[in-house]
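Each chain, letter by letter, is given below.
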Amino acid sequence: MTVQPSLKIYNTLSGKKEEFKPITPGYVGMYVCGPTVYSDVHLGNCRTFCSFDMIYRYLLHIGFKVRYVRNITDVGHLTDDGEDRMAKGAKVAQLEPMEVAQRYTVGFHDMMRIFNTLPPSIEPRATGHIPEQIELVQQILDNGLAYERNGSVYFDVPKFATRQPGVYGSISGRILDDLYAETRELKSQEEKNHPADFAIWMKARPQDIMVWNSPWSVGFPGWHLECSAMSTKYLGKTFDIHGGGNDLKFPHHENEVAQNHGACSCHPANYWLHTNMLLLNGKKMSKSDGNTITPTELFTGTSDHTSKAYSPMAVRFFMLMAHYRSTLDITDEALMAAEKGFLKIMETNRLLQALPVNARDFDGSETDTDRAILGLVDDAFDGMNDDFNTAIAIASLNEIGSYVHKLTNKQIDPADVSPWVIERLKTVFNAFLFDIFGLQDESASGADSGTVDGLMQLILDIRGHARAQKDFATSDKIRDALTEVGITVKDGKEGVTWSK
Ligand code: AMP
Ligand code: ZN
């Protein structure tokens, strides 16, 4: 079995960095709260999902087998006015709620592919797990930690706080009295015993359109319930890592923990990881406040906040340049710097991979330069092992980069670096850039479009030849086949042209 390095993770629960010890050695169960699919994802959402993608990739890289579960919220996430976000989105667009969910789930997946994130192992939907959620409500009721009122079921927070002192508030770090005072009511305030209680099952009102039968009423589950039900189903009652953005600490994660305790008296996850927010104009990027940039706006240069277009990988690199627990302000200057940094590190890698490796057996000897370079490789991994600090890892790789440039232009004598060190550097750079950071060499895709141009020229030459032979059957067949794959061929005065 692979021996994993010592990895420290900042655990929101303890407020400290802790040595990562999974429940089963070598295996990690990780649950990340996914998007609410009622509109397009914004860049802030993408930052959180790209951060967990980097964490997932690093865990895989250091040899863990990971079951990564990331849900799709397609019911129960209410707006401040108490309306279901999905149902509201459906009404606005005059669509079925499931059409809304489908449209934005596809859009979310497309965006995740553009950012080159790996798909999770399981992507459960809230609406696909209503029986599991009903069962959970029943368990909490059976354990005396919830009560029914007019067809809705509420979690009894004060009772839970008395039974399990110190648990409610442990994620958000807030004092229970403050939480009680702050809790704003969405619906049926008067039905609850206490303002801090929250609905785990809601009786439908006439205007609600996403509803299911339950022992208590025709209604729908509370938003927090889905994550308790689905994480338990796919990862067990207690698993390793639970993640999400900082803004989910309260009430979402606080209530999730309460529900799991309420159902089975167990704590759902051992390590709680929270990513920090992407800011725009110094404020959290947010759909509801209209303070957003969509990724497409950034890629096409149509955002009012930026002067030009930025490629997906430049944006991904921009996100990696900050530690996931730091806030990150999106500005034109910062994006330009990230773009420059991204192009530079990719160029360094191209130079590195082209460096010749002199055939010399590894004799165990190390030069001073070898030791300096290997020290930087250790720094890069130490950075990652210190709570996934990509900023430190990038800084170390850039320092290695200056050795690579000096080796390329012979400012350093190639004999000063042992061949096995060059080999190691080649492997380490490829591993960091492509496996861990999840970057793609966009200039390579540029080469791909050159290949397409060449192939198109070849096809059009063959078609031209057929036409010259008056073999119209073949030339039409080629044109029709191209039309089928979305390519239009035009025979004009200036010759044959094609477009997509
Ligand atoms: P939502 O679709 O609103 O449930 O959000 C999906 C994920 O994106 C959650 O983990 C949020 O915490 C996260 N998120 C929302 N806004 C931001 C932001 N401005 N920066 C980083 N993450 C965010
Ligand atoms: Zn969740």
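Here is what the cut-offs are and how they apply
Residues numbered from 1 in each chain as written. Chains lettered and ligands numbered in written order. Predicted model: local features only at pLDDT ≥ 70, side-chain atom pairs only at ≥ 80, totals over all residues. Heavy atoms only, no water. Near = heavy atom within 4 Å. Polar contact = N/O pair within 3.5 Å; in protein donor to acceptor, adjacent residues only side chain to side chain. Areas by Shrake-Rupley, 256 points an atom, 1.4 Å probe, with all protein chains shown as cover. Helix = DSSP H or I, 4+ residues; strand = E, 2+ residues; numbered from the N terminus. Nonpolar A, V, L, I, M, F, W, Y, C, P; charged D, E, K, R; others polar. Pairing = 2+ DSSP bridges. Axes fitted to C-alpha atoms, helices over the stretch in contact; angles between N-to-C directions. Expected span 1.5 Å × (residues − 1). Buried < 20%, exposed > 50% of the residue type's maximum accessible area, 1.4 Å probe, protein only. Salt bridge = Lys/Arg side-chain N within 4 Å of Asp/Glu carboxyl O. Donors = N, O, S within 2.8 Å, 3.2 Å for Na, K, Ca; no water. Phe/Tyr/Trp six-rings, centres within 6.5 Å; stacked < 30°, edge-to-face > 60°. Lys NZ or Arg CZ within 6 Å of the ring centre and 35° of its normal. Patch = residues over 30% accessible without salt bridge, like charges linked within 9 Å, V, L, I, M, F, W, Y side chains within 5 Å. Lys, Arg positive; Asp, Glu negative; His and termini not counted. Charge placed at Lys NZ, Arg CZ, Asp CG, Glu CD. Parallel < 35°, antiparallel > 145°, perpendicular 65-115°, else oblique. Left-handed = near helix turned anticlockwise from the far one by under 90°. Contact = heavy atoms within 4.5 Å. Core = buried A, V, L, I, M, F, W, Y, C linked by side-chain atoms within 4.5 Å.

A. The site of ligand 1, seen in detail. Within the structure, ligand 1 sits among 17 residues, and Thr36, Thr48, Asp247, Leu278 and Met285 are positioned closest to it. Between ligand 1 and the protein, one listed contact pairs an oxygen atom with a backbone N or O atom of glycine 245 at 3.1 Å. In this structure, leucine 278 approaches ligand 1 through a main-chain N or O atom, which is 2.8 Å from a nitrogen atom. Expressed as a share of its isolated accessible area of 490 Å², the protein-covered part of ligand 1 is 94%. With 4 residues, helix 1 (residues 43–61) is the largest single contributor of residues to the shell around ligand 1. The residue makeup of the shell around ligand 1, split by class, is 6 nonpolar, 9 polar and 2 charged.

B. Region of the structure containing the sheet that holds strand 3 (residues 27–32). The sheet built from 4 strands is open, its strands ordered 4-3-9-10 with parallel pairing. Only two strands of the sheet have a single neighbouring strand rather than two, namely strand 4 (65–70) and strand 10 (269–275). The sheet shows a mean angle of 20° between the axes of neighbouring strands, direction not considered. For strand 3 and strand 9 (residues 239–245), the ladder comprises 3 bridges, and the chain directions are parallel.

C. Region of interest: helix 1. Counted at 1.5 Å a residue, the expected span for helix 1 with its 19 residues is 27 Å, and the 26 Å between its end C-alpha atoms agrees. The buried fraction of helix 1 amounts to 17 of the 19 residues, a majority that puts the element mostly inside the structure. A positive backbone phi angle near 105° is found at glycine 63, which sits one or two residues after helix 1.

D. Main features of the pattern of salt bridges. According to the stated counting rule, one finds 19 salt bridges in the structure shown. Arginine 125 is paired through a salt bridge with aspartate 74; the nearest N and O atoms lie 3.5 Å apart. Of this pair, arginine 125 sits in the loop between helix 3 (97–114) and helix 4 (130–142) while aspartate 74 is found in the loop between strand 4 and helix 2 (85–93), placing the two residues 51 residues apart along the sequence. Using a relative accessible area of 23% as the deciding quantity, one classes arginine 125 as partly exposed. Residue lysine 233 pairs with glutamate 132 through a salt bridge whose shortest N-O separation is 2.7 Å.

E. Inspection of the coordination of the zinc ion (ligand 2) at higher detail. Within the protein, Cys33 (SG), Cys227 (SG) and His252 (NE2) serve as the donor atoms for the zinc ion (ligand 2), at 2.0 to 2.1 Å. Donor residues for the zinc ion (ligand 2) sit on one chain with the sequence pattern C-x193-C-x24-H. Residue cysteine 227 is located in helix 7 (residues 223–235), and its partner histidine 252 is located in helix 8 (residues 249–264); the two are separated by 25 residues in the primary sequence. Like histidine 252, cysteine 227 is buried.

F. Structural detail: the packing of aromatic side chains. Taken as a whole, this structure holds 14 aromatic pairs when the rule is applied. Relative to tyrosine 271, the ring of phenylalanine 20 lies with its centre 5.0 Å away and its plane at 65°, an arrangement referred to as edge-to-face. Here phenylalanine 20, found in the loop between strand 2 (16–19) and strand 3, pairs with tyrosine 271, found in strand 10; they are 251 residues apart in sequence, far enough to count as distant. Relative accessible area serves as the criterion here: at 7%, phenylalanine 20 is assigned to the buried category. Here tyrosine 271 falls in the buried class, since its relative accessible area comes to 6%. A ring pair is formed by phenylalanine 381 and phenylalanine 432, whose centres lie 4.8 Å apart and whose planes are at 45°; its orientation type is tilted. Separated by 51 residues along the polypeptide, phenylalanine 381 in helix 12 (residues 368–385) and phenylalanine 432 in helix 14 (residues 419–436) bring together distant segments of the chain. The same class applies to phenylalanine 381 as to phenylalanine 432, namely buried. Feature note: the residues Phe20, Phe64 and Tyr271 constitute an aromatic cluster, connected by ring pairs. Geometry around phenylalanine 49 places arginine 70 over its ring, the cationic atom sitting 5.5 Å from the centre.

G. A look at a negative patch on the surface. Together, Asp378, Asp379, Asp382 and Glu399 give the surface a local cluster of negative charge. Ranked by residues supplied to the negative patch, first place goes to helix 12 with 3 residues.

H. Main features of the packing of helix 4 against helix 8. Two elements in contact, helix 4 and helix 8, have axes separated by 7 Å at closest approach and are oriented at 65°. One way to sum up the angle between helix 4 and helix 8 is to call them roughly perpendicular. Regarding helix 4 and helix 8, the two cross each other, and that crossing is left-handed. For the pair helix 4 and helix 8, contact is made by Leu136, Gln139 and Ile140 and by Gln259, Gly262 and Ala263, respectively. When the residues that make up the contact of helix 4 with helix 8 are grouped by side-chain class, the tally is 3 nonpolar, 3 polar and no charged.

I. Expanded view of the nonpolar core. Core analysis: the largest hydrophobic core is formed by 95 residues, its most contacted members being Leu43, Leu59, Ile330, Phe388, Phe432 and Phe437. Per-element tally for this core: the top contributor is helix 1, with 10 residues. Counting residues in each nonpolar core, the second largest holds 38 residues, with Leu136, Phe155, Phe198 and Val257 among its members.

J. Structural context of the packing of helix 1 against helix 14. As a packed pair, helix 1 and helix 14 sit with axes 9 Å apart at the nearest point and diverge in direction by 135°. In this view, helix 1 runs oblique relative to helix 14, as classed from their interaxial angle. When helix 1 is examined against helix 14, the residues Met54, Arg57, Tyr58 and His61 are found in contact with a partner set consisting of Ala431, Phe434, Asp435 and Ile436. Looking at side-chain class alone, the contact of helix 1 with helix 14 contains 5 nonpolar, 1 polar and 2 charged residues.

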